[in-house]
Amino acid sequence: MPSMELRQTVIEQAKRVVVKVGSSLVTKQTSEGPRVDTRLVGRLVKEIAELREGGVEVTLVSSGAVAAGCGALGLKKRPKDVAELQALAAIGQRRLLSQYHRAFEKVGLAAGQVLLTRSDFDDRERYLNVRNCITALHGMGAVPVLNENDPVAVDEIRFGDNDLLAAMACNALRAEVLLLLTSVDGLLDEGGAVVDRVDDVVGMLALTRRGVGGAEGSKSAWGSGGMRSKLEAARLVTEAGEVVVIANGRDRGVIGRVLSGERLGTVVAPAARKLDSRSRWLGMTARPVGTVTLDDGAVQAVVSKGKSLLAAGVVQTTGAFAKGDVVMLRDRQGREVARGLSNYGSEELALIKGRRTGEFEKVLGRPGYGAVVHRDHMVVAGMG
């Protein structure tokens, strides 16, 4: 599908959208430190309100709590200490949401704050609770405003930046478009021109690791992301079958213009198929507890033939996992080929790896499952 056709059909017809706003947009530098940019917040809120009037559900993901906290204490530089960052987020989160509450009240809407950690998306029940809460907020006529719960988040439960949070929210809600608003005009090529469309996001990620595409230049002094994190987020969403647009949040009317199909920013094209909600959680959201290495025959059976994973094709396991945990399936070179729910814990799987099903009862002392990971509980990487 050509770029403009993608913009004027899929994007223009979208009824459910996630918009992510970075710290570089919602805060501005002053002589006394960073402050929430109330004028820009007000403008973006008006654009969201206009979309709501047109029947489009908008979920907002906003960074800026740490920067707002720095401004409250007159800090001129973002600290690196984790505890200090958590404390600043606790101070700044109220200031940030207060600005959103005031701005939404002016256009007759309520803002509903939802603070999340990475582990909220790892657990299936909590994941569904998050989705239900956001859906209920929309049903009440409110606009959900999501942010990472920085005061309680440590490395093990952090998203790392709100681009990833926005991508996971987009997949949880099955939103048709993820709009990542930043302080540059989009993904840039080696000559500094905006890339209109990306079809191979994995290949583009490889380029950004070499400094192409504004991967470093777009990172704010007050934020934690960059263009690379936006492409990582785009990979999660497009592999699930939805569209991502990276655009400059300072362009007037940017949200409405992008969603009306205007050629603005960089559009990242979706995969040909759409994953259902459960597959999005299993393949794109929940973090694997352990890994299972497959031999070449098992890789071909899983990837090319749509088969379940049998113990005979398992070469090695790493990590301690239990029955029902999400595991990553990888080839001998360490490349991920799929994710799925294991029918065996790591200790039992270590006993039966490489064996035929008929041997399980003798080894385990009980009958076992035929498949280590059944096809119905598996998502193949990049294929669904």
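Residues numbered from 1 in each chain as written. Predicted model: local features only at pLDDT ≥ 70, side-chain atom pairs only at ≥ 80, totals over all residues. Heavy atoms only, no water.

Caption draft 1: Main features of the pattern of salt bridges. Inspection of every chain in the model, using the stated rule, returns 20 salt bridges. One salt bridge connects Arg366 with Glu348, and the closest N-O pair in it is separated by 2.7 Å. With Arg366 in the loop between α15 (360–364) and β15 (378–380) and Glu348 in helix α14 (residues 346–352), this pair connects stretches of sequence that are 18 residues apart. Here Glu348 falls in the partly exposed class, since its relative accessible area comes to 26%. (Salt bridge = Lys/Arg side-chain N within 4 Å of Asp/Glu carboxyl O. Helix = DSSP H or I, 4+ residues; strand = E, 2+ residues; numbered from the N terminus. Buried < 20%, exposed > 50% of the residue type's maximum accessible area, 1.4 Å probe, protein only.)

Caption draft 2: Quick peek at the packing of helix α8 (residues 162–173) against helix α10 (residues 227–239). α10 packs onto α8 with a crossing angle of 15° between their chain directions and a minimal axis gap of 8 Å. If you check the angle between α8 and α10, you find them roughly parallel. Between α8 and α10 the crossing geometry is right-handed. Counted together, Asp163, Leu164, Ala167, Cys170 and Asn171 of α8 and Ser229, Lys230, Ala233, Leu236 and Val237 of α10 form the full contact between these two elements. (Axes fitted to C-alpha atoms, helices over the stretch in contact; angles between N-to-C directions. Parallel < 35°, antiparallel > 145°, perpendicular 65-115°, else oblique. Left-handed = near helix turned anticlockwise from the far one by under 90°. Contact = heavy atoms within 4.5 Å.)

Caption draft 3: View of the sheet that holds strand β4 (residues 57–62). Strands sit in the order β5-β6-β4-β1-β7-β9-β10-β8 across an open sheet of eight strands; the sheet is mixed. Of all the strands in the sheet, the pair left with one neighbour each is β5 (110–116) and β8 (197–198). The pairing of strand β1 (residues 16–21) with β4 spans six bridges and is parallel. Following the sheet pairing, Val19 is matched in β4 by Leu60. Most of the contacts of helix α3 (residues 38–53) go to β4, to which it runs at about 160°, and overall it touches β1, β4, β6 (142–148) and β7 (177–182). Where helix α5 (residues 82–106) meets the sheet, its contacts fall on β1, β4, β5 and β6, and the angle it forms with β6 comes to roughly 165°. (Pairing = 2+ DSSP bridges.)

Caption draft 4: Quick look at the state of the cysteines. A full pass over the atoms with the stated rule returns zero disulfides. Unpaired in this structure, Cys133 has its nearest cysteine sulfur neighbour in Cys170, at a distance of 17 Å. (Disulfide = S-S within 2.5 Å.)

Caption draft 5: Representation of the pairing of strand β3 (residues 33–36). Judged from the four bridges that link them, strand β2 (residues 27–30) and β3 form a sheet pairing that is antiparallel. The residue of β3 that forms the bridge with Lys28 is Arg35.

Caption draft 6: Quick look at the packing of aromatic side chains. For the coordinates displayed, the defined rule picks out five aromatic pairs. With 6.1 Å between their ring centres and 80° between their planes, Tyr344 and Phe360 make a pair best called edge-to-face. Of this pair, Tyr344 sits in the loop between β14 (336–341) and α14 while Phe360 sits in helix α15, and the two are 16 residues apart along the sequence. Neither residue differs from the other here; Tyr344 and Phe360 are each classed as buried. Every member of this aromatic cluster is reached through a ring pair, and the members are Phe121, Tyr127 and Trp281. (Phe/Tyr/Trp six-rings, centres within 6.5 Å; stacked < 30°, edge-to-face > 60°.)

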